[in-house]
Amino acid sequence: MTTAFIAHSSCRLHNMGPQHPESPDRLDAVSDRLIASGLDAHLVHHEAPAATREQLARVHDEDYIAMIEAASPESGICYLDPDTAMNPHSLDAALHAAGAVVLGAELVLNGECRTAFCAVRPPGHHAERRRAMGFCLFNSVAVGVAHALARGLKRAAVLDFDVHHGNGTEQIFAAEPRVVMVGTFEYPLYPYSGVDPAGPNMHNVPLRAGSGGEAFRAAMTDICLPALDAHRPEIIFVSAGFDAHRDDPLANLQLTEADYTWVTREIVAIAERHAEGRIVSTLEGGYDLSALGRSATEHVRALAKL
Ligand SMILES: [Zn+2]
């Protein structure tokens, strides 16, 4: 059984300006490293479809979706918040980023692949039901989870190891007992949420600035992974942000590639126990290009068990 690599050319065209850390170069950093490592040849490449209105509306309000569509500029850049902007390609990119996770869910649920990695941007985990923020327009991972539930699954899970708390995903699924969300994030740090869980299905652990692999693995081993295992998810989604890496310029945790390998192997084991191995991972943050490429490659290597 294979690992799918899902991408779309529009994600390369979304651009929030030459100084913005969430740059198109991030996708090249991931692809280049996957190719250089030899891993790319073992992946099955798919082009992401655009998410449909119906798929988006499972997690976003209709008037919010209409607002994003209306904000899409014909030229130049339109700011939705001080960090989050749209150029003429951003809407298309955000639709395909969400559609990539939907396709990933379809592929693993149909048995066409065992795991999938979506190399897409903009990221999604900060996008709330009716608010764009933190570089995010639509909550791609949430759209994928909601799609799996709409297909009749009774239990899904999200692992979010981005260095920033996935406030949007937590808000969207806080009252949804079919979903468990686990992960770690640096606190205090943007978006300054997550310390008080929004629901009993939320197991997100704050880590202090300077924390490294030891603290990360302890939080995972003591809290996140047991909660994930106890839920017996039929599919696991990953908000794969690599900005907790020690080289990342936007945060202050000290993870290394080995930590991403370790946590990925742990969830592969849980997915094989409960979910026939089904994992759909999507790129969130990660702003040091070299560290991003290396970390994503080791994550994909562990997903593919290569
Ligand atoms: Zn982040």
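To start, this report covers the structure provided alongside it. (Residues numbered from 1 in each chain as written. Predicted model: local features only at pLDDT ≥ 70, side-chain atom pairs only at ≥ 80, totals over all residues. Heavy atoms only, no water.)

Burial analysis of strand β9 (residues 235-240) places six of its six residues in the buried class, which makes it a mostly covered element. Looking at chain direction, strand β6 (residues 156-160) and β9 are connected through five bridges and run parallel. Bridged to V158 within β9 is F237. For β9 and strand β10 (residues 279-283), the ladder comprises five bridges, and the chain directions are parallel. Within β10, the position partnered with F237 by the bridge is V280. This β-α-β element, β9 to helix α9 (residues 257-274) to β10, shows right-handed connectivity. (Buried < 20%, exposed > 50% of the residue type's maximum accessible area, 1.4 Å probe, protein only. Helix = DSSP H or I, 4+ residues; strand = E, 2+ residues; numbered from the N terminus. Pairing = 2+ DSSP bridges. Right-handed = clockwise from strand over helix to strand, strands pointing away.)

Below, the discussion takes up the coordination of the zinc ion. With distances of 2.0 to 2.8 Å, the protein atoms coordinating the zinc ion are D162 (OD), D162 (OD), H164 (ND1) and D243 (OD). Mapping the donors of the zinc ion onto the primary sequence yields the spacing D-x1-H-x78-D. With a gap of 81 residues between them, D162 in the loop between β6 and α7 (167-173) and D243 in the loop between β9 and α9 connect regions that are remote in the sequence. Accessibility assignment for this pair places D162 and D243 in one class, buried. (Donors = N, O, S within 2.8 Å, 3.2 Å for Na, K, Ca; no water.)

I6, F117, F138, F161, M220, I235 and F237 are the most contacted members of the largest nonpolar core, which has 96 residues in total. Broken down by element, this core gets its largest block of residues, 13 residues, from helix α5 (residues 90-109). (Core = buried A, V, L, I, M, F, W, Y, C linked by side-chain atoms within 4.5 Å.)

For the rest of this paragraph, the subject is the packing of aromatic side chains. On inspection of all chains with the given rule, the structure shows eight aromatic pairs. Between Y64 and F138, the aromatic rings sit 6.4 Å apart at their centres with planes inclined by 85 degrees, giving edge-to-face as the arrangement. With a gap of 74 residues between them, Y64 in helix α4 (residues 62-71) and F138 in the loop between β5 (115-118) and α6 (140-150) connect regions that are remote in the sequence. Y64 sits in the buried class, given a relative accessible area of 3%. Judged by centre distance (5.3 Å) and plane angle (45 degrees), the ring pair of F161 and Y260 falls under tilted. On the criterion of sequence distance, the pair formed by F161 in the loop between β6 and α7 and Y260 in helix α9 is long-range, its members being 99 residues apart. (Phe/Tyr/Trp six-rings, centres within 6.5 Å; stacked < 30°, edge-to-face > 60°.)

What follows covers α6. Among the eleven residues that make up α6, ten are buried, leaving the element largely enclosed by the rest of the structure. Following α6 by one or two positions, G152 has its phi on the positive side, about 105 degrees.

Another point: the pairing of strand β7 (residues 179-186). Of all eight residues in β7, eight are buried, a share of seventy percent or more. Alternating positions in β7 separate into two faces, V179, M181, G183 and F185 on one and V180, V182, T184 and E186 on the other, with burial throughout. With five bridges connecting them, β6 and β7 associate as parallel partners. Among the inter-strand pairings, A156 is bridged to a residue of β7, identified as V179. Once the chain exits β6 it traverses α7 before rejoining the sheet at β7, and the crossover so formed is right-handed. With six bridges joining them, β7 and strand β8 (residues 202-207) adopt parallel strand pairing. Paired with G183 across the two strands is N204, which belongs to β8.

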